[in-house]
Amino acid sequence: MPQFTSAIIVLALASAATYSLATLWLINSLAKQAPPSNAPIAIGCGAMLLHFCALFITGLDSGGLSSSFFDAVSLTALIVVAATIASQASQRWLTLLIPVYLFAGLCVIFAALFGHHSPINAGSAGLLLHIISSIVAYSILCLAALYALVLFAADKSLRSGASGIWLQALPPLQSLESHLFHLITLSWAIMSLAIISGGLSIDNVFEQHLVHKTVFTLISWGLLSALLLGRRLHGWRGRTAARWTVGAFAALVLAYFGSKFMLDIVLQRL
């Protein structure tokens, strides 16, 4: 048994509990239609710090950053939380933190309880750049997909004449859409870097069993490229943009976590 297993579990539980506290605060404020408060962000930062400590100690205990399914998802969740909190500086939308905090709380618990810690061995600076840029690109696209789902639901509700507290809590749809495309552009740029650095650093895609990952990553990159081109040439927006974004995210999920899920979860149980 790893040396710091107990400490990692305690940190993970504390992080999940703090994420839950911030989520309950947000839900209560939304129900009461209270004015925006910095408290959920401050509590979320505390949860994020505990989350980071759990991942950091896991890395120390297992000999480096882990690439196992639950550890990779937990790291992605941490980056998504950080990006969402950072985005509050340019667009105050605290409601978005509710699903982000819930997702992160679940991920940090599952990583502590079920992660089997497979250290990432980056043999070169180029490969390390590829790994880091891939994780960051995926995390940003994850946040973009969340924006897209909210945009799709809000657009559909407004077209049908529906109303609700959650719609009133949203920023203007034009502002929401603008932020969505900023995230898409950033994710596309970082994904391009990941593809280039991976192409230069990986010797043989077939020998390293990376064919499906490469194919689905290129599909995701192609969908984002087509969306940005369609936006520029044809003014794509609204539900069209949301569908393409979610499609690109789904392809990237299959690329990064499809094989990890099969190898780490399904095949290990057979």
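Heads up: the structure comes first, above all this text.
These lines cover the structure that appears in this document, whether it is placed above or below. Computed from a predicted structure; not experimentally measured.

## Quick word on the overall build of the protein chain
And then number 1: A tally of regular secondary structure across the protein chain gives nine helices and zero strands.
And then number 2: Secondary structure elements in the protein chain, listed N-terminal to C-terminal, are α-α-α-α-α-α-α-α-α.
And then number 3: Counting only residues that meet the buried cut, the protein chain has 46% of its 270 residues in that class.
And then number 4: Partitioning the intrachain contacts of the protein chain with sequence separation of at least 6 by distance along the chain shows that 81% fall at a separation of at least 24.

## Comments concerning helix H3 (residues 69–87)
And then number 1: Compared with an ideal rise of 1.5 Å per residue, which puts 19 residues at 27 Å, H3 spans 27 Å between its outermost C-alpha atoms and is within 8% of the ideal.
And then number 2: Where burial is concerned, most of H3 is hidden: 15 out of the 19 residues are buried.

## Comments concerning the packing of helix H1 (residues 5–32) against helix H2 (residues 39–62)
And then number 1: At a minimum axis distance of 8 Å, the contact between H1 and H2 shows a crossing angle of 160°. By the angle between their axes, H1 is roughly antiparallel relative to H2. In the packing of H1 onto H2, the handedness of the crossing is left-handed.
And then number 2: By residue class, the composition of the contact of H1 with H2 is 18 nonpolar, seven polar and one charged.

## Brief notes about H1
And then number 1: Its 28 residues give H1 an end-to-end C-alpha distance of 41 Å, which sits within 8% of 40 Å, the value for a rise of 1.5 Å per residue.
And then number 2: All buried positions along H1 are accounted for by Thr5, Ile8, Leu11, Ala12, Ser15, Ala16, Thr18, Tyr19, Ala22, Thr23, Leu26 and Ser29.
And then number 3: Looking at the buried side of H1, the elements it contacts are H2, H3 and helix H4 (97–114).
And then number 4: Just beyond H1, the residue with positive phi is Gln33, at close to 55°.

Conventions adopted
- Residues numbered from 1 in each chain as written.
- Predicted model: local features only at pLDDT ≥ 70, side-chain atom pairs only at ≥ 80, totals over all residues.
- Heavy atoms only, no water.
- Helix = DSSP H or I, 4+ residues; strand = E, 2+ residues; numbered from the N terminus.
- Buried < 20%, exposed > 50% of the residue type's maximum accessible area, 1.4 Å probe, protein only.
- Contact = heavy atoms within 4.5 Å.
- Expected span 1.5 Å × (residues − 1).
- Axes fitted to C-alpha atoms, helices over the stretch in contact; angles between N-to-C directions.
- Parallel < 35°, antiparallel > 145°, perpendicular 65-115°, else oblique.
- Left-handed = near helix turned anticlockwise from the far one by under 90°.
- Nonpolar A, V, L, I, M, F, W, Y, C, P; charged D, E, K, R; others polar.

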